[in-house]
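Observations on the three-dimensional arrangement
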Amino acid sequence: MSFAVDLGVVPAAYVAEKMQLPFQCSYKAATILQNKHLFRQFLTENGFNSPKAKGYNNINKALEDVDFFSWPVIVKPVDSVGSKGVSKVERKEDLSEAIKKAISFSLKDYFIIEDFLDTLGTQSSADVFAYNGNLAYPAFSDQFFDIKATNPYVPAIEIWPSSMPLKYQCEINEELKRLFILLNVRTGIFNVECRVSTNGKAYLMEVSPRGGGNRIAELQDMATGQSLISAEICKAVSLPLPKIESPSYKGAWCNYILHSSKPGILGSIDFDKDFLHKYVKDVFLTVKQGDAISTFTGANTSLGTVFLYAESRPELDEVLRMINNYIHIKLK
C-alpha cells in the first residue's frame, strides 16, 4: 500500500497483482488513475465530465494546438505529485515556459494541457473507502489555497465537513461509484479530488488508490471516530476490517499546512498559548530549528501540519482569518 506517495502506487499494484495480494484495483487501473493524461482520456471516453485536455511529450506539437483549448489553461506534468510543476497560463505566448516547467518535474518528460475550470465554492480533497467495489465511506472537504504563495495551486487549508451543496455531493458520489464499477475496483482507500465548476457541472479531478498527503486520513480518523488507516492496513494483510460507514462530524475540523512566505534558516515556530489550548488538536513538524526552508512551491516544501477543531464553521473561519496572529514562523 502507499500513503501520500504517488510514486509507490503503480509498483504496489503491480506487485500485488503478480503475487495475488490484496490491492484496491488492478495494475492497469492503477496506471490509468496515476497518469493525468490517461485518466482524462478515460473520463472522456466513458462520458464523465472532464475538462478539454491533451497530453504531450513534444513542446512544438503542443504549441501547434493552442487554439484547441478554451483559455486560460492549466499545464501539469502527467506524473508529478504535490502540485509541483503546475502552472495556470493566461496568455498563449507564456505557454512554452509553462511547458518547460512541467517537463522539469516529470519523470517521463510528459505533460498535459487542459482547460482551466473556475470553481464554484471550493475544491474538495478527501479520502474515501471502497468495500468490495462499493463506496462505503464517501467524504468531502473544503480545500483552500494561499494565493500569495510562490505556487498558488498547492493546498494550504482543508476543512471538514464540506460546504459543497448536497446535490453535488450526491452527483459526485454516483459518478465515483460508476468509475469504480468500470475499473473493477475492490476494497481500499482512495484519495479523491473533485470540484463543481461555475458552468454548473461536477468533476472528478483526481482519483488515486492511496491515502492522501498532508495526513488527511489521520485527520479524518480523528474527526469521525472511524479508522481508515486501520481498515487499509487490515485489508493489505487480509485481516477482518473494522466497521467503515458513511462518516458524520461534530463541529468543524481543519488541516492547516504550515508554510513560509520567505526562504531562510528556521529559527522557531511559535504558537499562541490560548490558541494552542483551545483549538489545536495535533501538531506535526517536518522541519527543525536550523533547517534551511524555502517558500511554498509544493507539498514537499511545507513545514508540517496543524489539526484544528472548533465547535462551528463560523468560529473556525474566524480563527483561520486571524491565523497569522496565532502562529509565528521566525527565520534566523
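Structure's up top.
Residues numbered from 1 in each chain as written. Predicted model: local features only at pLDDT ≥ 70, side-chain atom pairs only at ≥ 80, totals over all residues. Heavy atoms only, no water.

Before going further, it helps to examine the packing of helix H1 (residues 9-19) against helix H2 (residues 27-34). At their nearest, the axes of H1 and H2 sit 8 Å apart, and the two run at 175° to each other. By the angle between their directions, the pair H1 and H2 is classed as roughly antiparallel. Taken together, the residues of H2 that come into contact with H1 (itself represented by Val9, Val10, Ala13, Tyr14 and Glu17) are Tyr27, Ala30, Thr31 and Gln34. When grouped by side-chain class, the residues that make up the contact of H1 with H2 number 6 nonpolar, 2 polar and 1 charged. (Axes fitted to C-alpha atoms, helices over the stretch in contact; angles between N-to-C directions. Helix = DSSP H or I, 4+ residues; strand = E, 2+ residues; numbered from the N terminus. Parallel < 35°, antiparallel > 145°, perpendicular 65-115°, else oblique. Contact = heavy atoms within 4.5 Å. Nonpolar A, V, L, I, M, F, W, Y, C, P; charged D, E, K, R; others polar.)

Let us now look at a nonpolar patch on the surface. The grouping of Tyr14, Val15, Met19, Leu21 and Tyr27 at the surface amounts to a nonpolar patch, some 470 Å² of accessible area in total. For the nonpolar patch, the element with the most residues is H1, which contributes 3 residues. (Patch = residues over 30% accessible without salt bridge, like charges linked within 9 Å, V, L, I, M, F, W, Y side chains within 5 Å. Areas by Shrake-Rupley, 256 points an atom, 1.4 Å probe, with all protein chains shown as cover. Salt bridge = Lys/Arg side-chain N within 4 Å of Asp/Glu carboxyl O.)

Looking now at the environment of Glu171. By secondary structure assignment, the location of Glu171 is in helix H6 (residues 166-182). You can call Glu171 partly exposed: its relative accessible area is 34%. Linking Glu171 and Tyr203, residues 32 residues apart in sequence, is a C-alpha distance of 9.5 Å. (Buried < 20%, exposed > 50% of the residue type's maximum accessible area, 1.4 Å probe, protein only.)

Once that is clear, we can look at the packing of aromatic side chains. Applying the stated criterion across every chain, the model contains 7 aromatic pairs. A ring pair is formed by Phe180 and Phe190, whose centres lie 4.9 Å apart and whose planes are at 40°; its orientation type is tilted. With Phe180 in helix H6 and Phe190 in strand S9 (residues 188-196), this residue pair connects regions lying 10 residues apart in the sequence. Here Phe180 and Phe190 have matching classes, each one buried. Here the aromatic rings of Trp253 and Tyr309 are separated by 4.8 Å at their centres, their planes lie at 55°, and the arrangement is tilted. Residue Trp253 is found in strand S11 (residues 252-258), and its partner Tyr309 is found in strand S15 (residues 304-310); the two are separated by 56 residues along the sequence. Take Tyr309: its relative accessible area is 17%, and that puts it in the buried class. Through pairs of rings, three or more aromatic residues link up here, namely Phe275, Tyr279 and Tyr326. Looking at Lys88, its charged tip hangs above the ring of Phe116, at a distance of 4.1 Å from the centre. (Phe/Tyr/Trp six-rings, centres within 6.5 Å; stacked < 30°, edge-to-face > 60°. Lys NZ or Arg CZ within 6 Å of the ring centre and 35° of its normal.)

Let us look at the side chain of Glu114. Topologically, Glu114 is positioned in strand S4 (residues 111-115). On the accessibility criterion, Glu114 (3% relative accessible area) is buried. Apart from residues no more than four positions distant in its own chain, Glu114 is found in contact with Arg40, Pro51, Lys52, Ala53, Phe69, Val73, Ile74, Lys76 and Met205.

Take the sheet that holds strand S12 (residues 264-271) next. What the 3 strands build is an open sheet, ordered S14-S12-S16; its pairing is antiparallel. On the outer flanks of this sheet lie strand S14 (292-293) and strand S16 (327-331), each paired with one strand and no other. Of the pairings in the sheet, the one linking S12 to S14 comprises 2 bridges and is antiparallel in character. Note that in S14 the partner of Ile265 across the bridge is Ala292. (Pairing = 2+ DSSP bridges.)

This part takes up the pattern of salt bridges. Using the criterion set out here, one finds 20 salt bridges in the structure. Among the salt bridges present, the one from Arg91 reaches Glu93, with a minimum N-O distance of 3.4 Å. For Arg91, a relative accessible area of 46% puts it in the partly exposed group. A salt bridge links Lys100 to Glu97, with the nearest nitrogen and oxygen atoms 3.6 Å apart. On the criterion of helical spacing, the pair formed by Lys100 and Glu97 is a turn pair, its members being 3 residues apart in helix H5 (residues 95-104). For Lys100, a relative accessible area of 43% corresponds to the partly exposed category.

In an α-helix there are 3.6 residues to a turn, and that puts residues three or four apart on one side. Residues of helix H3 (residues 36-45) that are buried include every one of Lys36, His37, Phe39, Arg40, Phe42 and Leu43, and no others. Between the side-chain oxygen at the start of H3 and the backbone nitrogen of His37 there is a gap of 3.0 Å, and the oxygen is on Asn35. Following H3 by one or two positions, Gly47 has its phi on the positive side, about 80°. (Polar contact = N/O pair within 3.5 Å; in protein donor to acceptor, adjacent residues only side chain to side chain.)

Turning our attention to the sheet that holds S9. The 4 strands lie next to each other as S6-S5-S9-S10, forming an open sheet whose pairing is antiparallel. Looking along the sheet, the strands with just one partner apiece sit at the ends: strand S6 (134-137) and strand S10 (202-208). Each adjacent strand pair in this sheet contributes to an overall mean axis angle of 45°, direction not counted. Here 3 bridges tie strand S5 (residues 124-131) to S6, and the two strands are oriented antiparallel to one another. If you follow Phe129 over to S6, its bridge partner there is Tyr137. Against the sheet, H6 touches S5, S6, S9 and S10, its axis set at about 45° to S10.

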